[in-house]
Amino acid sequence: MTPTRMMTLAAVTLTACLASPAVVSAKDNELRPPRRLNVQVGPRPYYLVEDMDESPLKRKLQQCSEGPFYKTEFSIAHRGAPLQFPEHTKESYEAAARMGAGILECDVTFTKDRQLVCRHSQCDLHTTTNILAIPSLASKCTQPFLPANPTTGRTASALCCTSDITLAEFKQLCGKMDAANPAATTVAQYLGGTANWRTDLYSTCGTVLSHRESIELFKKLDVKFTPELKAPSVPMPFQGEYTQQQYAQQMINEYKQARVDPSDVWPQSFDLNDVLYWLQHEPRFGKQGVYLDGRYEIPGTIFDPNNPTTWVPSMDELVDSGVKIIAPPIYVLLTLDSAGKIVPSAYAKAARAAGLDIITWSFERAGPLKTGGGFYYQSVAPAIDNDGDMYVALDVLARHVGVIGIFSDWPGSVTYYANCMGL
């Protein structure tokens, strides 16, 4: 072989090696900063803006149509992007991050072997996964599938919990859109039922995640964390020894073990005792603990967002206990003035006056708003008659209530608004 030929081959070999990922070590990959995503909000925000009634707000939002769009912590992914993707799946979280959500949520519950996983409820596997289609796992459900009986009027039912199966068994499941068909006489029919304003287009086999896996995924996506400790559906202590406090501590431990900065974590719970536990035992995490205010649904309790005497504990008492962030549903923060315009509720004003930061939920979860917006907009329903009114409510929440973040089932819609308004 001639010297020229040898030099040519060496140059080709060196070029190939430099281009090949095989020469990049695992350690090199770990040291690389997370890849910055090119944020894409998609067509839905544009649809919402164009559906708005003519107003200065509409014109302002129209002027932002060409971006640029960027990640913002004002946009919080509620279970990922479940308007179209199976909730709490890898694919749903990736879609949310792509739409600019700066904070992602893993609702945390536990398996039979006490491992933490991302699921909205401990007992929702029968509607959010394909567990009933896997006989070896369906047989372990708390209540196996019971078909509908048109003659007696009985609806189809099942009850499958993460505490019925181990983590290894949980990882065999496929995530699907959260739905069930109450008229089903077969498992295949029961696993259907997706609302017609959502879609099964991406419900092929969503990748379910443990809590630890969600932490690693969120780190790769370069987003922050807001885990919600879900209320157990089984008696505690579970298996006679696993206490609520151990459960609350285990969730925080997994962030510590993953070396996540506490300032990047907003742990949440509807149980005020969980937040108080974190404040006492894990103060670096607890100081960003979020009290999810669900007092509106406590049986036998009167809760009126415009009547402070129905708020027990009061805003000042919450602050005195160490709580810094409160998070009620959207409707609790809004009301109508004498002219029928959407304005902050007494609850919203009192929370701010007491020094509480406010987060709210959940944007893009109500479906079409032509009939008033259902649960999430019930306090302002007379002012809601089209999808574009969603942005009117969001504008009041952001500029007049002063919320610091909004959970959304389709984060691109909130990202668009937040970017336009410099949030």
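Quick caveat, the model's predicted, so the values are computed rather than measured.

Looking at the overall build of the protein
What the protein contains, in helices and strands, is 17 helices and 17 strands. For the protein, the spread of C-alpha atoms along the principal axes amounts to about 95 × 55 × 50 Å. Relative to its full complement of 423 residues, the protein shows a buried share of 52%. Here the contacts in the protein between residues at least 6 apart in sequence split such that 72% fall between residues at least 24 apart. Just so you have it, the protein exposes about 19200 Å², and 54% of that area is on carbon and sulfur atoms.

Observations concerning the pairing of strand E1 (residues 72-77)
Burial runs high along E1: five of the six residues are buried. Here three bridges tie E1 to strand E2 (residues 101-104), and the two strands are oriented parallel to one another. Pairing of isoleucine 76 across the sheet is with isoleucine 103, part of E2.

A closer look at the layout of surface pockets
In this structure, the second largest pocket occupies an estimated 400 Å³ of space. What lines the second largest pocket is a set of 18 residues, among which Lys341, Ile342, Val392, Asp395 and Val396 lie closest to the centre. Sorting the residues of the lining of the second largest pocket by element identifies helix H4 (56-62), strand E15 (342-344) and helix H16 (389-401) as the ones contributing at least two each. Tallying contributions element by element places H16 first for the lining of the second largest pocket, with six residues. When its residues are assigned to classes, the lining of the second largest pocket shows eight nonpolar, three polar and seven charged.

Observations concerning helix H17 (residues 411-420)
Extensive coverage of H17 is indicated by the burial of 10 of its 10 residues. Here H17 has its buried residues at Pro411, Gly412, Ser413, Val414, Thr415, Tyr416, Tyr417, Ala418, Asn419 and Cys420. Where H17 terminates, the next one or two residues include glycine 422, which has phi positive at roughly 70°.

Here's the deal with the pattern of salt bridges
Under the definition given, this model contains 18 salt bridges. The partner of glutamate 94 in a salt bridge is lysine 90, and the shortest N-O contact between them spans 2.8 Å. With glutamate 94 and lysine 90 both in helix H5 (residues 90-98) and four residues apart, the pair spans about one turn of that helix. A residue is classified by how much of its surface remains accessible, and lysine 90, at 32% relative accessible area, is partly exposed. Between glutamate 228 and lysine 230 there is a salt bridge, with the nearest N and O atoms lying 2.8 Å from each other. No difference in accessibility class separates glutamate 228 from lysine 230, as the two residues are buried.

Examining the environment of alanine 248
Note on placement: alanine 248 falls in helix H11 (residues 244-257). Judged by its relative accessible area of 1%, alanine 248 falls in the buried class. Taking the C-alpha atoms as reference points, alanine 248 and valine 290, separated by 42 residues in sequence, lie 13 Å from one another. Residues in contact with alanine 248, not counting those within four places in the same chain, are Leu229, Asp274, Tyr277 and Trp278.

Brief notes about the side chain of arginine 119
Locating arginine 119 in the fold gives a position in the loop between strand E4 (116-118) and helix H6 (125-128). Here the side chain of arginine 119 touches threonine 128 through a polar contact of 2.9 Å, side chain to side chain.

Details of the packing of aromatic side chains
According to the stated counting rule, one finds 23 aromatic pairs in the structure shown. With centroids separated by 5.3 Å and ring planes inclined at 75°, the aromatic side chains of tyrosine 46 and tyrosine 416 adopt a geometry described as edge-to-face. Here tyrosine 416 lies in helix H17 and tyrosine 46 lies in helix H3 (residues 44-50), a separation of 370 residues in the sequence. For tyrosine 416, a relative accessible area of 1% gives the class buried. Taken together, a centroid distance of 6.1 Å and an interplanar angle of 70° make the contact between phenylalanine 303 and tyrosine 347 edge-to-face. Of this pair, phenylalanine 303 sits in the loop between strand E12 (290-292) and helix H14 (315-320) while tyrosine 347 sits in helix H15 (residues 346-353), and the two are 44 residues apart along the sequence.

Regarding H16
The end-to-end C-alpha separation of H16 is 17 Å, in line with the 18 Å expected for 13 residues at 1.5 Å each. With 10 of 13 residues buried, H16 is to be regarded as a mostly interior element. The set of residues buried in H16 consists of Asp389, Met390, Tyr391, Ala393, Leu394, Asp395, Val396, Leu397, Ala398 and Val401. At the C-terminal side of H16, glycine 402 shows a positive phi close to 85°.

How each quantity is defined
Residues numbered from 1 in each chain as written. Predicted model: local features only at pLDDT ≥ 70, side-chain atom pairs only at ≥ 80, totals over all residues. Heavy atoms only, no water. Helix = DSSP H or I, 4+ residues; strand = E, 2+ residues; numbered from the N terminus. Buried < 20%, exposed > 50% of the residue type's maximum accessible area, 1.4 Å probe, protein only. Contact = heavy atoms within 4.5 Å. Areas by Shrake-Rupley, 256 points an atom, 1.4 Å probe, with all protein chains shown as cover. Pairing = 2+ DSSP bridges. 1 Å grid on protein atoms, 1.4 Å probe; cavity = no way out; pocket = protein on both sides within 12 Å on 5 of 7 lines; lining within 4 Å. Points joined across faces, edges and corners; volume = space filled by probe spheres on them. Nonpolar A, V, L, I, M, F, W, Y, C, P; charged D, E, K, R; others polar. Salt bridge = Lys/Arg side-chain N within 4 Å of Asp/Glu carboxyl O. Polar contact = N/O pair within 3.5 Å; in protein donor to acceptor, adjacent residues only side chain to side chain. Phe/Tyr/Trp six-rings, centres within 6.5 Å; stacked < 30°, edge-to-face > 60°. Expected span 1.5 Å × (residues − 1).

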